[in-house]
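Letter by letter, the chains look like this.
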Amino acid sequence: MSASPWSRRLATIASALVLVGAGAPVLATAAPAAADPAPHAAAELGPVGWDTYRHPERLAELPTGSRTAQFSSFDRTGGNGDGFDGTYSCLRTTGDGCVIAERTGPGEIDSIWFTRDNGDVSRTGNITVTLDGTDVLHAPLQDVVDGKIGAPFVYPLVANASQSSGGVYIDVPMPFAHSMRVTTDANPLFYHVTYRQFPAGAHVARFDPSDRASDVLTTLAAAGTADPKPAQPGARTAQHTVDVAAGHTATLDTEQGPGALTALRLHLPQLTAPGGDPDAVAHTDRILAHVRLRISFDGERTVDAPLGEFFGTGLGLYPVRSLYFGVDPDARTLTSWWLMPYRQSATVQLVNSSDTAIRGGDVSVTAAPADHWARDLAPGGPDGYFRATAHRAGTVDGRDHTFLDTSGRGRLIGVSQTMIGKITSGNLRDYLEGDERLYVDGSASPAMHGTGTEDFYQSGWYFNHGTYTDPLNGNTGHETQTAGCAYDCTSAYRLLLGGGPAFGSSIRFGIEHGPGDHDPATYGSTAFWYGQPTGTARWTDRITVGDAASEAAHRYHARDSAGPQPLTGTYEGNDGTPTPFTVPVRASATAVSFRLAVDPDNTGVRLRRTSDQQHAYQQVQVAVDGADAGTWTQPLANTDHRLLDDEYVLPAALTAGRSTVTVTLTPADGAPSWTAAAYHALSIVPPFTDRTTPGRVGGVQTTPASGAVSLAWPATTDDVYQPRYQVYGSDTDGFTPGPATLLGSTELPAFADTGRGPGEHRWYRIRAVDAAGHRGAFSAQIAGTASNTLVVEAESLLPPVSSTAGVVAQSDCCGVHWSGSAQLWFTPTAAGNGVTVSFTVPTAGSYALQAVQTEAPDYGTTTLAVDGEPAGETFDGYHAGSVAVGDPLPLGTKTLTAGTHTLTLTVTGKNDAATNYYAGLDYLSLTRTGAARSG
């Protein structure tokens, strides 16, 4: 009998443990004994370095001084060009190569991922990791991920494309005390570097490559088969039989505390793996999808998830060998080893919402009593409750699927996802083009912005080596038009241990479904995290740069600063259509100083800046009340979405016990001007309950926009950064806000009221609502009017009324940026083909019409018709050598009724030089030429 893939992988790890050291690449000879964490790390940072793996009993800690961030090759325009040509892959290029990550101050690199050439990264050349000025890794990237340089850089702490299905990764935790830089010889194309930022002055020992971490590799070798945690004193295992009728609930175990559940094992003999009896497989799929595991701690239900997804296999009974959960299809067992503490009690239940009874099963629950949990899980304690938050729904066009959206404090440590694609033709796996985005503590800029769904799971090219299961990531299932999957379905999981994002007031984490969130699917997910409802980030002050009163109140001084310049921009990585708004920005080449109010009980202050990121590598030296506080460097840049929220942690040694601090920022010689529109002080404080009502919204302004009214206002006040805003509107002057007039909500102090007819008038009122549910007072009423020009994005009109060839929404690519970051792409291979779409005119009137089409080497000639009547001249879509957006094509003036109309694009032929008959339509614009309807 041949060995299973997992058996071969265990053998690979075992060989690494025995044989590493036999050749020249050996880095060390022995692993040190596990040491107690340093007090600073234990209190503020959570486990650092190998302690992430050596001390899994610390999983529940909620660090206050650690912030996760990521460098990646994501498309800065918002399109799907995340690395195909490497446009955004190098932060800068030096004589040593392409710099892909760079940071000043202490922190830790937790994960590095790459792909190119279907997973062969040979052409990237060497990777160099430089920590505190010392190269701790310099070797050919392909050799590193193949495990050739030796431990600790061996599987599964590194993996090549065959082991991680199309992607390669390095998950060796590498702490640094002062700086880090990651460089590759050649442009790597697709990549992520996920790292943690620690406060200036944090005591961190630099990564030692001579520590082969043999004990860690031994633990990982047993992933999915054994508890990675050390034995807990007094642990006991209770066993129960499991019989749960359809529609019923069974209590599997109850515990009285304080203590922790340390293992949960379900044995269900009726489960059948794919390939078995079809009826039995179908029943199994329904059990795994519709039976829920529910666990309550101290009277609060914190775990509520589908059984299969909780154990990493949402599609069916597939093998899983994760570090903290496992599935053995042969033994029909599902096991987890999450640390699940409680102060007083725990209750474990199975809720059978399927149509199949569970019979003849058994469950074992291991619990370990420990008095310290009564203290550590108190509202002000350092640890959090284990939580598994599940969400399953049909995808919404233009919006991310949400993994987790919650308030309080906590740390995300993993995701299990089930994707039921509903693309009926063409690329059935296009949904995998969606990027993950993470927002922490109210920041409008994502702390993580990925490059694709399989990339987030550390794979590549649609999992091109098939399914697999590794200790920290896996693609457990892939079904195509079989086993109940109508089109294409995928299940995957990822553990985020060292790099698990910590938050002090809120977290919002989600993923696109296809490029631009346009592909239809049903997504399910279970997010694993630890958390408490109390918060540790108190918003104590704000400076609005360019506002004379705010600057005077904060003693703001910038010697050479020119007057504030208005910037109308957007943030990158928006969940939904980017909302532009205008802020005043100052740019300074010499020192800037200001005074901030802080909470005297702080253990550090997070200084958050809203800036213009047009120019990369803005850098300042930071001082607090004249004392050096380190260097703040921002290597990011984006000329398409210029607004950026970033932050720097002022150390407690310079802020604790003070109610105000004076911050001085001195730009580095040769660096671009330091830009800012606002500064915010987020004091890191002991856990607190939010009882403050947000302030009243004021200063609302409206601006006409295409088919919309744009609204903007200064951010209001609160004690937690920052509240969301509810926007109400009515066609009636003097209206009273209520559920019927609620237009929507926004995380930003800006909103676009879309769907308005040209020249339409509306009245608005706005209020702030924080995560605790406190509602501020309504703003005064303000009126707004939509622009006379309505722009209709062609891709938004899909699916078509009719089409004689393929037609899809194509995201930005090929060096071109379309309006709305996408176009309608029509792909016939002969003349005479056409596509018809419908569009809506909100208001009757006379309209001047224009269309914008795309030009490319393989595009044909086209004509357009509105409601069946020819409109405009023939358009030649040929463009030699590259893709380009054409000039607006006048379509004449037409009288249109309110309601639905049609637009037909017909391919009539092609230029002799064109290589095909394709066509692309970016948008249609309608300008109302008559007087706007009064409100």
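Residues numbered from 1 in each chain as written. Predicted model: local features only at pLDDT ≥ 70, side-chain atom pairs only at ≥ 80, totals over all residues. Heavy atoms only, no water.

Section: helix α6 (residues 214–221)
Val 216, Leu 217, Leu 220 and Ala 221 are the residues of α6 that are buried. With its buried residues spanning 140 degrees around the axis, α6 presents them on a single face. (Buried < 20%, exposed > 50% of the residue type's maximum accessible area, 1.4 Å probe, protein only. Helix = DSSP H or I, 4+ residues; strand = E, 2+ residues; numbered from the N terminus. Arc of directions from axis to C-beta.)

Examining the layout of surface pockets
In this structure, the second largest pocket occupies an estimated 1200 Å³ of space. Taken together, 40 residues make up the lining of the second largest pocket; nearest its centre are Asp 430, Asp 519, Val 808, Ala 809 and Gln 810. For the lining of the second largest pocket, the element with the highest residue contribution is strand β55 (residues 807–811), accounting for 5 residues. A breakdown of the residues in the lining of the second largest pocket according to their chemical character gives 16 nonpolar, 15 polar and 9 charged. (1 Å grid on protein atoms, 1.4 Å probe; cavity = no way out; pocket = protein on both sides within 12 Å on 5 of 7 lines; lining within 4 Å. Points joined across faces, edges and corners; volume = space filled by probe spheres on them. Nonpolar A, V, L, I, M, F, W, Y, C, P; charged D, E, K, R; others polar.)

Observations regarding the UniProt feature "domain: CBM6" (unreviewed entry) in the protein chain
Look at the UniProt record and you will see "domain: CBM6" (unreviewed entry) annotated at residues 790–927. Between the end C-alpha atoms of residues 790–927 there is a gap of 6 Å, over a span that is 0% helix and 57% strand. (UniProt positions renumbered as here; feature names shortened; annotations may be inferred.)

Notes on the environment of Glu 873
Locating Glu 873 in the fold gives a position in strand β60 (residues 869–876). It is 8.9 Å that separates the C-alpha atoms of Glu 873 and Thr 862, two residues lying 11 residues apart in sequence. With residues up to four places along the chain from it excluded, the contact list for Glu 873 reads Thr 862 and Leu 889. (Contact = heavy atoms within 4.5 Å.)

Quick word on the sheet that holds strand β36 (residues 565–569)
Strand order across the open sheet formed by 3 strands is β36-β37-β44, with antiparallel pairing between neighbours. Of all the strands in the sheet, just β36 and β44 (674–676) have a single pairing partner and so form its edges. Averaged over all pairs of adjacent strands, the angle between strand axes in this sheet comes to 40 degrees, irrespective of strand direction. (Pairing = 2+ DSSP bridges. Axes fitted to C-alpha atoms, helices over the stretch in contact; angles between N-to-C directions.)

Remarks on the state of the cysteines
Considering all chains together, one arrives at 3 disulfides under this definition. With a sulfur-sulfur separation of 2.1 Å, Cys 90 is cross-linked through a disulfide to Cys 98. In this structure, the disulfide formed by Cys 90 and Cys 98 twists by about -120 degrees around the S-S bond and is classed as left-handed. Among the residues examined, Cys 98 registers a relative accessible area of 2% and is labelled buried. There is a disulfide in this structure between Cys 485 and Cys 489, and the S-S distance comes to 2.1 Å. Disulfide Cys 485-Cys 489: the torsion about the S-S bond is 95 degrees, which places it as right-handed. For the pair formed by Cys 485 and Cys 489, the shared burial category is buried. Each disulfide in the protein chain links cysteines that, numbered along the sequence, combine into the pattern 1-2, 3-4, 5-6. (Disulfide = S-S within 2.5 Å.)

Topic: the packing of aromatic side chains
Per the counting criterion, the structure on display carries 31 aromatic pairs. Ring centres 6.2 Å apart and planes at 80 degrees place the aromatic pair Phe 153 and Phe 207 in the edge-to-face group. Within this pair, whereas Phe 153 is found in the loop between α4 (141–145) and β7 (158–159), its partner Phe 207 is found in the loop between β11 (190–197) and α6, the two being separated by 54 residues in sequence. Assigned by exposure class, Phe 153 and Phe 207 land together as buried. Residues Tyr 571 and Phe 581 carry aromatic rings whose centres are separated by 6.3 Å and whose planes lie at 35 degrees to one another, so their mutual orientation is tilted. (Phe/Tyr/Trp six-rings, centres within 6.5 Å; stacked < 30°, edge-to-face > 60°.)

Some points on the pattern of salt bridges
This structure, assessed with the given rule, holds 39 salt bridges. Taking the shortest distance from any N to any O, the salt bridge between Lys 148 and Asp 143 comes out at 4.0 Å. Using a relative accessible area of 26% as the deciding quantity, one classes Asp 143 as partly exposed. For Glu 647, the salt bridge is made with Arg 608, and the minimal N-O distance between the two is 3.1 Å. In this pair, Glu 647 sits in strand β42 (residues 643–650) while Arg 608 sits in strand β39 (residues 605–612), placing the two residues 39 residues apart along the sequence. By relative accessible area, which is 17% here, Glu 647 ends up buried. Here the salt bridges do not stand alone but share partners, grouping Arg 67, Asp 441, Arg 606, Arg 608 and Glu 647 into one network. (Salt bridge = Lys/Arg side-chain N within 4 Å of Asp/Glu carboxyl O.)

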